[in-house]
Amino acid sequence: MFWVWFHVLQFDVSNQTLDPEEDMHNKKDRPLPAGRISLKNALIVRWLLVPACFALSACYSLETVYASMALCLLTYIYDEMGFAKGHWFSRNFVNALGFMSFEVGACLIAGQW
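All of these numbers come straight from a predicted model, not from anything done at the bench.

Caption draft 1: Examining the pattern of salt bridges more closely. If you walk through the whole model with that rule in mind, you get two salt bridges. Salt-bridge contacts for Asp19 lead to Lys85; the nearest nitrogen and oxygen are separated by 3.6 Å. Placement of Asp19 in the loop between helix H1 (2–18) and helix H2 (20–26) and of Lys85 in the loop between helix H5 (62–79) and helix H6 (88–110) is noted, with a sequence separation of 66 residues between them. Under the relative-accessibility criterion, Asp19 is labelled partly exposed at 23%. Between Arg46 and Glu80 there is a salt bridge; the shortest N-O distance is 3.2 Å. With Arg46 in helix H4 (residues 39–58) and Glu80 in the loop between H5 and H6, this residue pair connects regions lying 34 residues apart in the sequence.

This is the structure we're talking about:
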């Protein structure tokens, strides 16, 4: 469960740093609009979480690292490359691949117990 939570955190921080102004209007309780963290520091945390996700995944298996890498790459494609605001098909396709990466990683870990 911690692996999934940690990867969701990585995705959420990435997502929150894209358009802080939108959250100022819609979700003022989030850390950026509430002023609990600066955009600069949130971006630092966002990029530090990527190798941290890889390191956590390495504690389980090489295949879990691959799932983590796929998820982090898809997060980059979705957020930084603009697929989140793109055409409905490409946005949903990348989203589906991201969910698949989450599920593969979680299943690989659960299968070890």
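Caption draft 2: Summary view of the layout of surface pockets. Within this model, the largest pocket holds a volume of roughly 310 Å³. In terms of lining, the largest pocket is formed by 13 residues, of which the most central are Asn15, Leu18, Asp19, Glu22 and Lys85. Those elements that provide at least two residues to the lining of the largest pocket are H1 and H2. Among the residues forming the lining of the largest pocket, the class breakdown is two nonpolar, four polar and seven charged.

Caption draft 3: Structural context of the environment of Lys28. Within the secondary structure, Lys28 is located in the loop between H2 and helix H3 (31–34). Every residue in contact with Lys28, bar those within four places of it in the chain, is listed here: Asp23, Pro33 and Ala34.

Caption draft 4: Layout of the packing of aromatic side chains. Summed over all chains, the structure comprises seven aromatic pairs. Consider the rings of Phe89 and Phe93, whose centres lie 6.1 Å apart with planes at 10 degrees: the pair is stacked. Placement of both Phe89 and Phe93 in helix H6 is noted, with a separation of four residues, approximately one turn of the helix. Phe93 sits in the partly exposed class, given a relative accessible area of 45%. Feature note: the residues Phe2, Trp5 and Phe6 constitute an aromatic cluster, connected by ring pairs. Taking NZ or CZ as reference, Arg46 lies 3.8 Å from the ring centre of Trp47, over its face.

What counts as what
- Residues numbered from 1 in each chain as written.
- Predicted model: local features only at pLDDT ≥ 70, side-chain atom pairs only at ≥ 80, totals over all residues.
- Heavy atoms only, no water.
- Salt bridge = Lys/Arg side-chain N within 4 Å of Asp/Glu carboxyl O.
- Helix = DSSP H or I, 4+ residues; strand = E, 2+ residues; numbered from the N terminus.
- Buried < 20%, exposed > 50% of the residue type's maximum accessible area, 1.4 Å probe, protein only.
- 1 Å grid on protein atoms, 1.4 Å probe; cavity = no way out; pocket = protein on both sides within 12 Å on 5 of 7 lines; lining within 4 Å.
- Points joined across faces, edges and corners; volume = space filled by probe spheres on them.
- Nonpolar A, V, L, I, M, F, W, Y, C, P; charged D, E, K, R; others polar.
- Contact = heavy atoms within 4.5 Å.
- Phe/Tyr/Trp six-rings, centres within 6.5 Å; stacked < 30°, edge-to-face > 60°.
- Lys NZ or Arg CZ within 6 Å of the ring centre and 35° of its normal.

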